[in-house]
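Here's the letter readout for the chains.
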Number of protein chains: 2
Amino acid sequence: MREVEALARQAREATQAMAQASPGVKNRALQAMAQGLLDRQQEILEANAADLSAAEGKGQRPAFLDRLRLDAERMRGMARGLHEVAALPDPVGEVTGMVRRPNGLWVGRMRVPLGVIAVIYESRPNVTADVTGVCLKAGNAILLRGGSEAIRSNTAIAAVLTASAEAAGLPKGAVGIVESTDRAAVHALLTLDRHIDLVIPRGGEELVRTVREMSTIPVIAHEKGLCHIYVDAGADLSMAEELVYNAKVERPGVCNAVETLLVHNQVAGVFLPQVAARLEAAGVELRGCPTTRKVLAHLPAATEKDWEAEYLDLILAVRVVDSFEEAVAHIRRYSSGLAEGIVTADYHRGMRFLREVDAGAVFVNASTRFADGGEFGLGAEIGISTQKLHTRGPMGVRELTCEKFIVLGEGQIRDSRGA
Amino acid sequence: MREVEALARQAREATQAMAQASPGVKNRALQAMAQGLLDRQQEILEANAADLSAAEGKGQRPAFLDRLRLDAERMRGMARGLHEVAALPDPVGEVTGMVRRPNGLWVGRMRVPLGVIAVIYESRPNVTADVTGVCLKAGNAILLRGGSEAIRSNTAIAAVLTASAEAAGLPKGAVGIVESTDRAAVHALLTLDRHIDLVIPRGGEELVRTVREMSTIPVIAHEKGLCHIYVDAGADLSMAEELVYNAKVERPGVCNAVETLLVHNQVAGVFLPQVAARLEAAGVELRGCPTTRKVLAHLPAATEKDWEAEYLDLILAVRVVDSFEEAVAHIRRYSSGLAEGIVTADYHRGMRFLREVDAGAVFVNASTRFADGGEFGLGAEIGISTQKLHTRGPMGVRELTCEKFIVLGEGQIRDSRGA
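Sequence positions are assigned chain by chain, starting from 1 and proceeding in written order. Whichever chain is written first becomes A and whichever ligand is written first becomes 1, with later ones labelled in order. Where totals are concerned, whole chains, interfaces and linings use all residues; where local detail is concerned, this predicted model gives features only for residues with pLDDT of at least 70, and gives and counts side-chain atom pairs only at 80 or more.

## Here's the deal with the overall build of chain A
A run of H or I in DSSP becomes a helix once it reaches four residues, and a run of E becomes a strand once it reaches two; helices and strands are each numbered from the N terminus. Per the secondary structure count, chain A includes 15 helices and 15 strands. Seen through its C-alpha atoms, chain A measures out along the principal axes to roughly 75 × 70 × 35 Å. Counting the 419 residues in chain A, one finds 54% classified as buried. Of all intrachain contacts in chain A linking residues separated by at least 6 positions in sequence, the fraction that spans at least 24 positions is 71%. Comment: burial labels come from other C-beta atoms within 10 Å of the residue's own C-beta, placed from the backbone, where a count of 20 or more is buried, 12 or fewer is exposed, and between is partly exposed. Placing a C-beta atom from the backbone of each residue, one calls two residues in contact when those atoms lie within 7 Å.

As structure tokens, then:
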């Protein structure tokens, strides 16, 4: 795929100028991109209409078409997002930990861009603008590869972004889009490790797995979201009810929604009927462990499959545990490492939960739904990492950079034998 | 390989207790390990003698045998290293960036261990103790796989470390060693991604490449060290001579030695004869570009192969450049990303070099030989990363940890629609 290789080479060549671009130039480019999207809205909406009619022709379902659809409000949303990213602090060039060594050398770390980031995503065309904004702000070049159903929309958006960015002084090649919808293009992209520094897949489990398997480039991804809330003995049960209700019902189709509820046996008799009535009234289907079903006899039995399930739907698995330790052990076994929460009034168990639960975000007395870059104050989010290396949890602008050592000397030389 | 799988599972099971181990317990374990090495020195030296005689029997060269050899002094060195690691600050549990969000949530990041780290290394048996100390200090479990020539020494050392660590209160399984010298054992290890979080290969280019190709686990490695020093127009030429001499001659076989010298044409006529005389007197072979050979007519011509060479020997490629930009472009093209240096008296070009050169460590007016965890003040070093993700440059204890988000609430729920 010579097209993909050429794009990646251009992106690599753009990295030097991107890394040197001042915060002002980058911010003006982001603002110009926002303005460009509004000024050239008509051509983007026309391209989107063509995508929509092709998708309708293929019999795509309404939810799919809704994700694909752009309108004036969504265009304004994209533009607003770019302005918000422009307003964020610029992490590039930050120097930290500068210390003077015994020999007089100054040693510290300077934050720099990663280089070239490839983002592979599915049907929402607004992702094109969102991820481009975050990557450029961090001083990286970006290669975009969206879903084939949105190819006309994505290409139209990328054309506007590219033109606006270049007009504002960013280098040619800083934004590239793979226009081929051939799967071979993805494969070609994922093996260009000499040009691309990081791949971020944004989409379902299958996309993430495929990217991981094919890529010779480091990947940061959000595998899935199997989140738990544990209601501790002695917890404020009305708070617990609100948190569980919010984490399950407010937006059940997202990764930080709760999928399994763990309840301490000391409070199960009171709490389960109360929370079940509230959830069932909202249309939630509950599935219970044997002890849960002693309290709530009408529930179907939860099986091993339920403990492993990311429902992304109005379904909740419920298990009664005999101890804090049993709750933590359940979470260690089944957690996807995204977000885990405890509802407790006990200082010691709150502290232990924070320390002992291994996830990107650990919550005490708050809804897991807050596991989000915006809610955490990162400004904008390019995705969520459920892995441990480089970054965990929501990823913002800063997470798309790395640090190098800088050393300032006055002629120091090393003597290994003497040192 | 059921042995390897069982070791990895034990290591995974040890992670919970390791992550919770207090700094005091970990430090006492490291001190006990140091004492154990000295107390049981005799059995380790006997195992080492058996490795040495087997290696001699295979006709291994003196340099190889020297790397393999342990003696009382090297045993003391290992013990001292463990005491030094014990004395370092403990990064686990550090909470940073704790901020209050508009809804009253406190959001911050807590530093936690990575989990299970596998280290695959070559013939120096002291690595067994060195890497174990750093991994345990960071709260990780470790799996060791040394070279087959040192298997008796490594196994004897690991037995002492394991017994001492457990006696001091660290969990069983926190230190595991793969005793099989079968290559299938390495392959099995590298595909246990459900138990192992990170693989660090320590050894030559071939080992690193093999590990990268086979591993389904994230790898952090030091690929190679092709370091440059650029002597700028107007530089202090006697300082430049000292720095180049030190970076080439003091220890030519290591990764942070200089391999290519770049000299601005304004100073080439004066500097090249001066530095060449000094280097040649120390036995360094110089190879020059055409312009260099106009000044130093006796030099052989440097070819493309020389610009790409990590000599690890008393050889230096020399190129004259017409500008700062040409020097930076040469470095961008050929650098391995380990350490790069400039010798300059110009403020602006010093600043530009720091910003524009993309390497794990960038030096102004100091020898590249300082690219080392100890010299940078990290205390101990488990290796050097020439990649960008997670960490670049020398890796110490802190680089073997990651951060998770922690969120402290008082019942906050999320309203996406209202937010």
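## Some remarks on the sheet that holds strand E12 (residues 361-366) of chain A
Here, strands pair whenever DSSP counts at least two bridges between them. Pairing is mixed across the open sheet formed by nine strands, whose spatial order is E9(A)-E10(A)-E8(A)-E7(A)-E11(A)-E12(A)-E15(B)-E2(B)-E1(B). Only two strands of the sheet have a single neighbouring strand rather than two, namely strand E9 (285-288) of chain A together with strand E1 (95-100) of chain B. Taking each pair of neighbouring strands and ignoring which way they run, the sheet shows an average axis angle of 20°. By the bridge criterion, four bridges tie E1(B) to strand E2 (residues 106-113) of chain B in an arrangement that is antiparallel. Counted as the bridge partner of Thr96(B) is Arg109(B) from E2(B). Axes here refer to lines fitted to C-alpha atoms; in helices the fit is confined to the stretch in contact. Angles between the N-to-C directions go from 0 to 180 degrees.

## Observations regarding the relation of the copies chain A and chain B
Residues reaching a pLDDT of at least 70 in both copies supply the C-alpha atoms on which the copies are superposed by least squares. Least-squares fitting of chain A to chain B yields an RMSD of 0.0 Å, with the transformation described by 0.0 Å of translation along the axis and a rotation of 180°. Classification of the inter-copy transformation places it as that of a two-fold axis. For chain A, the smallest separation between a C-alpha atom and the rotation axis is recorded for His390(A), amounting to 1.8 Å. By residue overlap, the copies meet face to face through one surface: 100% of the interface positions of chain A are interface positions in chain B.

## Examining the interface of chain A and chain B
In this assembly, 57 residues from chain A lie in contact with 57 residues from chain B. When residues of the side of chain A that touches chain B are traced back to their parent elements, those giving at least two are helix H1 (2-20), strand E2 (106-113), helix H10 (237-249), helix H15 (347-356), E12 and strand E15 (401-412) of chain A. Among the elements that take part in the side of chain A that touches chain B, E15(A) stands out by supplying 11 residues, more than any other. Gly counts as polar in this scheme, as do all residues outside two lists: the nonpolar Ala, Val, Leu, Ile, Met, Phe, Trp, Tyr, Cys and Pro, and the charged Asp, Glu, Lys and Arg. Here the residues of the side of chain A that touches chain B are counted per class, giving 26 nonpolar, 14 polar and 17 charged. Both E15(A) and strand E12 (residues 361-366) of chain B contribute to a ladder of five bridges, which runs parallel. Its bridge partner lying in E12(B), Gln412(A) is registered against Ala366(B).

## Quick notes on the environment of Arg2(A)
As for its placement among the helices and strands, Arg2(A) is situated in helix H1. The sequence separation of Arg2(A) and Ala185(A) amounts to 183 residues, and the corresponding C-alpha distance is 9.2 Å.

## Focus on the packing of helix H2 (residues 23-39) of chain A against helix H6 (residues 126-137) of chain A
Residues and elements named next belong to chain A. In the contact formed by H2 and H6, the axes pass within 10 Å of each other and the chain directions differ by 165°. Here H6 runs roughly antiparallel to H2, going by the angle between their axes. Classified by chirality, the crossing of H6 by H2 is right-handed. Contacts between H2 and H6 involve Lys26, Ala29, Leu30 and Leu37 from the first element and Ala129, Gly133, Leu136 and Lys137 from the second. Oblique is the label for any angle not under 35 degrees, not over 145, and not in the 65 to 115 range, which are roughly parallel, roughly antiparallel and roughly perpendicular in turn. The handedness criterion is simple: a crossing whose near helix is rotated anticlockwise from the far helix by less than a right angle is left-handed, and one whose near helix is rotated clockwise is right-handed.

## Some remarks on the sheet that holds strand E4 (residues 141-145) of chain B
Residues and elements named next belong to chain B. The parallel open sheet is built from four strands, whose spatial order is E5-E4-E3-E6. At either end of the open sheet lies a strand with only one pairing partner, and these are strand E5 (175-177) and strand E6 (198-202). Strand-to-strand twist across the sheet, computed as the mean angle between neighbouring axes with direction ignored, equals 20°. Where strand E3 (residues 116-121) and E6 come together, five bridges link them in parallel fashion. In the strand pairing of E6, Val119 is matched with Ile200. Contacting E4 and E5, helix H7 (residues 151-167) runs over the sheet at an angle of about 160° to E5. Helix H8 (residues 183-190) rests against E3, E4 and E6 of the sheet, and its axis sits at about 155° to E4.

## Quick look at the pairing of E15(A)
All names here are of chain A. Most of E15 is tucked away: nine of the 12 residues are buried. Sheet topology places E2 next to E15; eight bridges connect them, and they run antiparallel. Bridged to Arg111 within E15 is Glu403.

## A look at the domain arrangement of chain A
Residue ranges for the domains trace back to a domain assignment, done automatically or taken from a database. The assigned domain composition of chain A is domain 1 (2-221) and domain 2 (227-370). In this structure, domain 1 of chain A and domain 2 of chain A have C-alpha centres spaced 36 Å apart.

## With respect to the confidence of the model for chain A
Confidence scores labelled pLDDT are given residue by residue by the predictor and lie between 0 and 100. Of all residues in chain A, 99% attain a pLDDT of 70 or more, and the chain-wide mean is 95. Across the predicted assembly, pTM comes out at 0.93 and ipTM at 0.93.

## Here we look at the environment of Gly393(A)
Among the secondary structure elements, Gly393(A) is positioned in strand E14 (residues 393-395). Counting along the chain gives 159 residues from Gly393(A) to Gly234(A), while the straight-line C-alpha distance between them is 29 Å. Sequence-distant contacts of Gly393(A), that is, excluding residues within four places in its chain, are made with Gly360(A), Ala361(A), Ala371(A), Ile384(A), Ser385(A), Lys404(B) and Phe405(B).

## Details of the environment of Val4(B)
Residues and elements named next belong to chain B. As for its position among the elements, Val4 is in helix H1 (residues 2-20). Residue class for Val4 comes out buried when judged on the 26 C-beta atoms lying within 10 Å of it. On a C-alpha basis, the gap between Val4 and Asn27 in space is 28 Å, while along the polypeptide they are 23 residues apart. Discounting chain neighbours no more than four positions away, the residues touching Val4 are Val178, Ala185, Ala188 and Leu189.

## Re the packing of H10(A) against helix H11 (residues 265-281) of chain A
Residue and element names in this part refer to chain A. Between H10 and H11, the shortest axis-to-axis distance is 10 Å and the interhelical angle comes to 40°. Considered as vectors, H10 and H11 are oriented oblique to each other. The hand of the H10/H11 crossing is right-handed. Together, Leu237, Ala240, Glu241, Val244, Tyr245, Lys248 and Val249 of H10 and Val267, Val270, Phe271, Gln274, Val275, Arg278 and Leu279 of H11 make up the contact between the two elements. When grouped by side-chain class, the residues that make up the contact of H10 with H11 number 10 nonpolar, one polar and three charged.

## Regarding H1(B)
All names here are of chain B. Residue count minus one, scaled by 1.5 Å, sets the expected span of a helix. In this model H1 runs 28 Å from its N-terminal to its C-terminal C-alpha over 19 residues, within 8% of the 27 Å that 1.5 Å per residue would give. Axes are fitted to the seven residues ending at a residue and to the seven starting at it; the angle between these axes is taken as the bend at that residue. Its axis deflected by about 35° at Ala14, H1 carries its strongest bend there. Listed as buried for H1 are Val4, Leu7, Ala8, Ala11, Arg12, Ala14, Thr15, Met18 and Ala19. Where H1 is buried, its residues contact E2, E3, E4, E5 and H8.

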